[in-house]
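# A closer look at the structure
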Amino acid sequence: QKVSVEVLDHLEHLALVDFRDSEGVERLQKAIQFADQLHEVNTDGVEPMDSVLEDRCLYLREDDVTEGNCTKELLENAREKVEEYFVAPPGNIPLPKLEERETFLRDS
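Residues numbered from 1 in each chain as written. Predicted model: local features only at pLDDT ≥ 70, side-chain atom pairs only at ≥ 80, totals over all residues. Heavy atoms only, no water.

With an unreviewed UniProt entry as reference, the chain is termed GATC amidotransferase, source organism Horornis vulcanius.

Set out below in structure tokens:
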């Protein structure tokens, strides 16, 4: 199943994922093909659920701080940071214009 340029553009903006190469488009097409199998499942008479745990009581615990003051150690894990904040998503990519991708999609 082919994926249109408009759908790729929309997904890239939502997920900040780059589909400019054939591997990215192929991976997306395989994921769609895998998810399409769900259409074959008969769900007649099955009520929708909000959660798989809706028939259970969730036990809460106190939110006690047991450790802290470790900002420096945590920020050592950041690929990119500004002042004392993580930059997310790391390596945000500039998305190509629709015209640039149309050529690629025709060849795939």
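And the narrative resumes.
### Quick word on the confidence of the model for the chain
Using the following cut-off: For every residue, the predictor states its confidence as a pLDDT score lying anywhere from 0 to 100. A run of H or I in DSSP becomes a helix once it reaches four residues, and a run of E becomes a strand once it reaches two; helices and strands are each numbered from the N terminus.
The pLDDT averaged across the chain works out to 78; a share of 80% of its residues lies at or above 70. Averaged pLDDT values for the elements of the chain fall to 60 in helix 4 (residues 98-107) and rise to 90 in helix 3 (residues 71-75).

### Some words on the pattern of salt bridges
The condition that has to hold: The term salt bridge refers to a side-chain nitrogen of Lys or Arg lying within 4 Å of a carboxyl oxygen of Asp or Glu.
Here the structure, examined in full by the defined rule, presents one salt bridge. A salt bridge links Lys 30 to Glu 26, with the shortest nitrogen-to-oxygen separation between them at 3.4 Å. With Lys 30 and Glu 26 both in helix 2 (residues 22-35) and four residues apart, this pair spans about one turn of that helix.

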